[in-house]
Amino acid sequence: MRMINFAKRNFKELVRDPLSLIFEIALPLFLLFIFQQINIPGDTFKIENFTPGIIIFGFSFITLFTSTLVAKDRGSSLLIRLGTSPMKSRDYILGYILSLIPIIIIQDSLFFIVACLLGLNVSINIIFTILISILVSIIFIAFGILLGSLVSEKASGGVGSIIVQLVCFTSGMYFSKDLIGNVFAKICEFLPFESALNIIKGVLNNNYDIISLRNIIIFIAYTIIILILSIIVFKKKMVSDNK
Amino acid sequence: MDSIVTKKLIKKFKEKTAVNGIDLNIKQGELFALLGTNGAGKTTTIKMLSGLILPTSGEILIEGMDMKKDMFKIKEILNVSPQETAIAPNLTVKENLEFMAGVYQIKDKETKINELIKQFKLEDVLNKRAKTLSGGWQRKVSIAISLINNPKILFLDEPTLGLDVIARKELWEVLNSLKGKITIILITHYMEEAESLSDRIGIMVNGNIVDIGTAQELINKTKSKNFEDAFVSIATGGEL
């Protein structure tokens, strides 16, 4: 299968970049540990609420490094070579997505091991959360493919870090959106990151009441739209880059 | 049988015409060199012939198949070594070969990979990551990869650029050994390379093929002393 072959190559490219491992795994783990050492009032930083936030935060770096990989591939002649091969668009897109799934599983497993050491209850919900987070991660990977298709390798780091900031400020991982005001709260509601966090939080804590219908609709709509956009833009840029 | 046929092939980028209605007939097993000044349309022609970009108009037949209808079948039987080295930087040389063997779904990939390792003398760099190799080695690996699927047609865009004299001569040997077995389209700026390797040479100027022939035919036609003078005479319309 060409897509598996491409995914294997992408996986190797990603894990052999030490920076990607530091930001995707070490930094979120450090934050998870450090925020549990400070006694911050409120529910946001309780381990059962903050661990889902850390998962989403880790995913934002998946977006960043996916965009860098795609932009790097576009900038090199490798995609010219692959463009003349029998690979089809679905092989590229699924190849990029599949290559990130093992990294997501490694990320989640390490986050939960540390979270459990820090006091998170060990339960079957952790397995469910890892499974649901694989689905949630698709939107972050698709964002990465979309950004990487639009910008150069140099710009991908900067643009990717905007996503990291957006996730931090609009997901509710650090503070409730209601603390900032009505307009900001509305923006958060219409971006997918708060919905993504609520879904993961709800599954982990077996509290499905916090996952609203709006969360599900927003999340699914964004995932479908961003995925389709990433396929269209990637395909288009592959041709236009070669002019 | 002709390996490559183009009929009135045109490629326009907005207002600019990069390729202006070229007609080509390249025979099976022929080594055809495409020469021209920078911006003459050589690389654009190769990109169209290899299915990377679509022509604005005109027809391309590869081994009798229509590029518009049978693009994916055509892509199985050709390969390209682009102008810049096209390898995965964080993969080792062996992994690069394995990766591309996977792209083309090569059945007996170990045998083919070992054959290329031997042919391009890659033993010493096999387990080194591609990005750590010198430019010359990267190019050598890039060219080796382009033979992974036993292509019937091979496009080489300035393959010896950046290679030292010995590596260049080694590549010439490889190309000579392939002559007659596969069709090779070679873009080069080195006149001696075109002259010594090619069966025929096409000279492109401003998107048109202005002359085609063997090196000797072109020398005789322009009454030049050598092939370089013949090329300059044809490319400048006799002004230099």
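Residues numbered from 1 in each chain as written. Chains lettered and ligands numbered in written order. Predicted model: local features only at pLDDT ≥ 70, side-chain atom pairs only at ≥ 80, totals over all residues.

S.K.: Would you mind going over the overall build of chain B with me for this structure?
M.R.: The helix and strand tally for chain B stands at nine helices and 10 strands. In terms of principal-axis extent, the alpha carbons of chain B reach across some 50 × 40 × 35 Å. Taking all 240 residues of chain B together, the buried fraction comes to 46%. (Helix = DSSP H or I, 4+ residues; strand = E, 2+ residues; numbered from the N terminus. Buried ≥ 20, exposed ≤ 12 C-beta atoms within 10 Å, placed from the backbone.)

S.K.: Explanation requested: the sheet that holds strand β5 (residues 65–66) of chain B in the structure shown.
M.R.: In a beta sheet, neighbouring strands pair by backbone hydrogen bonds and run either parallel or antiparallel. All names here are of chain B. One open sheet accounts for four strands, arranged β2-β1-β4-β5; its pairing is antiparallel. A strand with exactly one partner marks an edge of an open sheet, and here the two such strands are β2 (16–27) and β5. As judged from the five bridges shared by strand β1 (residues 2–13) and strand β4 (residues 57–62), these two strands associate in the antiparallel manner. Bridge assignment links isoleucine 4 to a residue of β4, and that residue is isoleucine 62. Strands in contact with helix α1 (residues 42–49) are β1, β2 and β4; relative to β2, the strand with the most contacts, it is inclined by about 60°. (Pairing = 2+ DSSP bridges. Contact = placed C-beta atoms within 7 Å. Axes fitted to C-alpha atoms, helices over the stretch in contact; angles between N-to-C directions.)

S.K.: Which parts of the structure should I look at to understand the confidence of the model for chain B?
M.R.: Predicted coordinates in regions of low pLDDT should not be interpreted in detail. Of the residues in chain B, 100% have a pLDDT of 70 or more, and the chain-wide mean is 92. Taken element by element, the predicted model of chain B shows its lowest mean pLDDT in helix α6 (residues 165–178) of chain B (88) and its highest in helix α3 (residues 93–103) of chain B (96). (pLDDT = per-residue confidence, 0-100.)

S.K.: I'm lost on the environment of glycine 162 of chain B in this one. Help?
M.R.: Residue and element names in this part refer to chain B. Along the chain, glycine 162 falls in the loop between β7 (153–157) and α6. Given 16 C-beta atoms within 10 Å, glycine 162 falls into the partly exposed group. The spacing of glycine 162 and arginine 139 is 23 residues in sequence and 7.9 Å in space, taken between C-alpha atoms. Other than its neighbours up to four places away in sequence, glycine 162 contacts Gly135, Gly136 and Arg139.

S.K.: Before we go on, may I ask you to explain the sheet that holds strand β10 (residues 208–213) of chain B in this structure?
M.R.: Residues and elements named next belong to chain B. Across the sheet, which stays open at both edges, the six strands sit in the order β6-β7-β8-β3-β9-β10 with mixed pairing between neighbours. Of all the strands in the sheet, the pair left with one neighbour each is β6 (78–81) and β10. The sheet shows a mean angle of 15° between the axes of neighbouring strands, direction not considered. As defined by bridge partners, strand β3 (residues 31–36) adjoins strand β9 (residues 200–205) across five bridges and the pair is classed as parallel. Among the inter-strand pairings, leucine 35 is bridged to a residue of β9, identified as isoleucine 203. On the sheet, α1 packs against β3, β7, β8 (183–187) and β9 and is oriented at approximately 150° with respect to β8. Packing of helix α9 (residues 227–235) onto the sheet brings it into contact with β3, β9 and β10, and relative to β9 it is tilted by some 35°.

S.K.: What exactly am I supposed to notice about the interface of chain B and chain A here?
M.R.: By convention, interface size is frequently given as the accessible area that disappears when the constituent parts associate. Counting from both sides, the interface comprises 24 residues of chain B and, opposite them, 21 residues of chain A. Broken down by secondary-structure element, the contributors of at least two residues to the side of chain B that touches chain A are α2 (71–77), β6 and α3 of chain B. The biggest single contributor to the side of chain B that touches chain A is α3 of chain B, with four residues. The residue inventory of the side of chain B that touches chain A, partitioned by class, reads 14 nonpolar, five polar and five charged. (Nonpolar A, V, L, I, M, F, W, Y, C, P; charged D, E, K, R; others polar.)

S.K.: Can you walk me through the packing of helix α3 (residues 47–75) of chain A against helix α5 (residues 89–117) of chain A in this structure?
M.R.: The axes of two packed helices give the description: the angle between them and the distance between them. All names here are of chain A. Packing of α3 against α5 leaves a shortest axis separation of 10 Å and a crossing angle of 150°. With respect to their mutual orientation, α3 and α5 come out roughly antiparallel. Crossing angle aside, the handedness with which α3 passes α5 is right-handed. Contact with α3, carried on its side by Ile47, Thr51, Ile54, Ile55, Gly58, Ile62, Thr66 and Val70, involves Tyr96, Leu100, Ile103, Ile104, Gln107, Asp108, Phe111 and Ala115 of α5 and no other residues of that element. (Parallel < 35°, antiparallel > 145°, perpendicular 65-115°, else oblique. Left-handed = near helix turned anticlockwise from the far one by under 90°.)

S.K.: For this particular structure, what's the right way to read the packing of helix α2 (residues 18–37) of chain A against α5 of chain A?
M.R.: Residues and elements named next belong to chain A. One way to put it is that α2 packs onto α5 with a least axis distance of 10 Å and a crossing angle of 20°. What the angle tells us is that α2 and α5 run roughly parallel. Read as a crossing pair, α2 and α5 show a hand that is right-handed. Across the interface between the two elements, Glu24, Ile25, Pro28, Leu29, Leu32 and Phe33 from α2 touch Ile103, Gln107, Leu110, Phe111, Val114 and Ala115 from α5. Of the residues in the contact of α2 with α5, the class split is 10 nonpolar, one polar and one charged.

S.K.: Explain the pairing of β10 of chain B to me, please; I cannot follow it from the model alone.
M.R.: Walk down a regular strand and you will see the side chains alternate between the two sheet faces. All names here are of chain B. Pairing of β9 with β10, which is carried by five bridges, proceeds in the antiparallel orientation. Paired with methionine 204 across the bridge in β10 is isoleucine 209. Once β9 ends, the chain turns through two residues before running back antiparallel as β10, passing asparagine 206 with a positive phi of about 45°.

S.K.: Explain the nonpolar core here, please?
M.R.: Nonpolar side chains in soluble globular proteins tend to be buried together. Ranked by internal contacts, the top residues of the largest apolar core, which has 131 residues, are Ile56, Ile62, Ala196 and Ile200 of chain A together with Ile185 and Leu186 of chain B. The greatest single-element share of this core, amounting to 13 residues, is contributed by α3 of chain A. Residues in contact with isoleucine 62 of chain A, not counting those within four places in the same chain, are Glu24, Leu100, Ile103, Ile104, Ser137, Phe140, Ile141 and Gly144 of chain A. (Core = buried A, V, L, I, M, F, W, Y, C linked by C-beta atoms within 7 Å.)

S.K.: Would you mind showing me how to read unusual backbone geometry here?
M.R.: Negative phi characterises most residues that are not glycine, and trans characterises most peptide bonds. All names here are of chain B. In this structure, asparagine 206 takes a positive phi of about 45° despite not being glycine. Within the secondary structure, asparagine 206 sits in the loop between β9 and β10. Given 15 C-beta atoms within 10 Å, asparagine 206 falls into the partly exposed group. Non-glycine residue lysine 223 carries a positive phi angle of around 50°.

S.K.: Before we go on, may I ask you to explain the environment of leucine 154 of chain B in this structure?
M.R.: All names here are of chain B. Turning to its location among the elements, leucine 154 is positioned in strand β7. A tally of 24 C-beta atoms within 10 Å means that leucine 154 is categorised as buried. Leucine 154 sits 76 residues away from leucine 78 along the chain, and the two C-alpha atoms are 5.7 Å apart. Not counting residues within four places of it along the chain, the set of residues in contact with leucine 154 comprises Asn79, Ser146, Ile182 and Ile184.

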